[in-house]
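An overview of the molecular structure
The residues making up each chain are set out below.
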Amino acid sequence: MTDRAFFKSFAGLIGALVALTVVIFIIAQMVGGKPSKVETTADAKAVAERIKPVGEVTVGTAEPVRAVEVSSNPVMEAIIPSAQAAPADKGKTVYEGTCVACHGGGIAGAPKFGDKAAWAPRIALGIKTLHQQAIKGFQGKTGMMPPKGGNMSLSDADVMAAVDYMVGHSK
Ligand code: HEC
């Protein structure tokens, strides 16, 4: 094969490959369609919103320091429920699940829920004492208060929340 003949067939091969590339490119365009614009301003905003830090600490200005911005972030709100809402609900739940059996109707000498006269002398003992009596149980003048109202699956905090709930509604 002469150089010329080689060059001719080589050029032909290159030409064929270029043509094939063009054909494949056209087919790809037809199958895949035009790629959509990757990032719009709205997308960028949404991304920034998702990856923004949950907390921000401001130093040296008059603005208050916000350690964790819970309220503006629904995910954080779900993980860390607002401090004010939780104990009130917990106390009510525990009361309705356990304590109401005796305290709801004033059964077996238990001070009745909402009975101010029955609760006043007990409240006078101080909330700490009431917490302890409710957690450890005690034998009083009117009856027997079982430890944790007889429901040992309750945590101390649960019982204290229930005491706070009862006391809050009985004074
Ligand atoms: C089996 C009945 C019973 C259940 C259930 C019960 N209690 Fe009581 N509780 C009593 C009785 C009876 C007394 C009063 C005892 C006395 O003073 O003689 C009492 C008293 C108390 C007092 C007053 C303590 C004091 O020092 O005067 C608190 C507070 C209290 N209960 C909290 C609770 C809580 C919280 C629960 C639920 C977790 C609960 N109780 C469930 C029977 C019960």
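Here is a short report on the structure shown in this document. (Residues numbered from 1 in each chain as written. Predicted model: local features only at pLDDT ≥ 70, side-chain atom pairs only at ≥ 80, totals over all residues. Heavy atoms only, no water.)

Comments concerning the overall build of the protein
Helix and strand content of the protein: 7 helices and 2 strands. Listing the helices and strands of the protein from first to last along the sequence gives α-α-α-α-α-α-β-β-α. By the burial criterion, 18% of the 171 residues in the protein qualify as buried. Considering only contacts in the protein between residues 6 or more positions apart, those separated by 24 or more positions represent 47%. (Helix = DSSP H or I, 4+ residues; strand = E, 2+ residues; numbered from the N terminus. Buried < 20%, exposed > 50% of the residue type's maximum accessible area, 1.4 Å probe, protein only. Contact = heavy atoms within 4.5 Å.)

With respect to the site of the ligand
Lining the immediate environment of the ligand, one finds 29 residues, of which Cys99, Cys102, His103, Arg122 and Met145 sit closest. Within the side chain of Arg122, an N or O atom sits 2.6 Å from an oxygen atom of the ligand. Contacts to the ligand include Gly143, whose backbone N or O atom sits 2.9 Å from an oxygen atom. Most atoms of the ligand, that is more than half of them, are within 2 Å of grid points of the largest pocket. Mapped by element, the contributors of at least two residues to the shell around the ligand are α4 (85–103), α5 (116–123), α6 (127–136), β2 (144–145) and α7 (156–168). Residues belonging to the shell around the ligand are distributed by class as follows: 18 nonpolar, 8 polar and 3 charged. (Near = heavy atom within 4 Å. Polar contact = N/O pair within 3.5 Å; in protein donor to acceptor, adjacent residues only side chain to side chain. 1 Å grid on protein atoms, 1.4 Å probe; cavity = no way out; pocket = protein on both sides within 12 Å on 5 of 7 lines; lining within 4 Å. Sits in = over half its atoms within 2 Å of the grid points. Nonpolar A, V, L, I, M, F, W, Y, C, P; charged D, E, K, R; others polar.)

Remarks on the coordination of the iron atom of the ligand
The iron atom of the ligand binds to the protein through His103 (NE2) and Met145 (SD), with metal-donor distances spanning 2.0 Å. Take Met145: its relative accessible area is 17%, and that puts it in the buried class. (Donors = N, O, S within 2.8 Å, 3.2 Å for Na, K, Ca; no water.)

Thoughts on the side chain of Asp158
Tracing the backbone through its elements, the reader meets Asp158 in helix α7. Among all residues touching Asp158, those that are not within four sequence positions of it are Lys90 and Val94.

Some thoughts on the environment of Ala117
One can find Ala117 in helix α5. Along the sequence, Ala117 and Lys171 sit 54 residues apart, while their C-alpha atoms lie 8.4 Å from each other.

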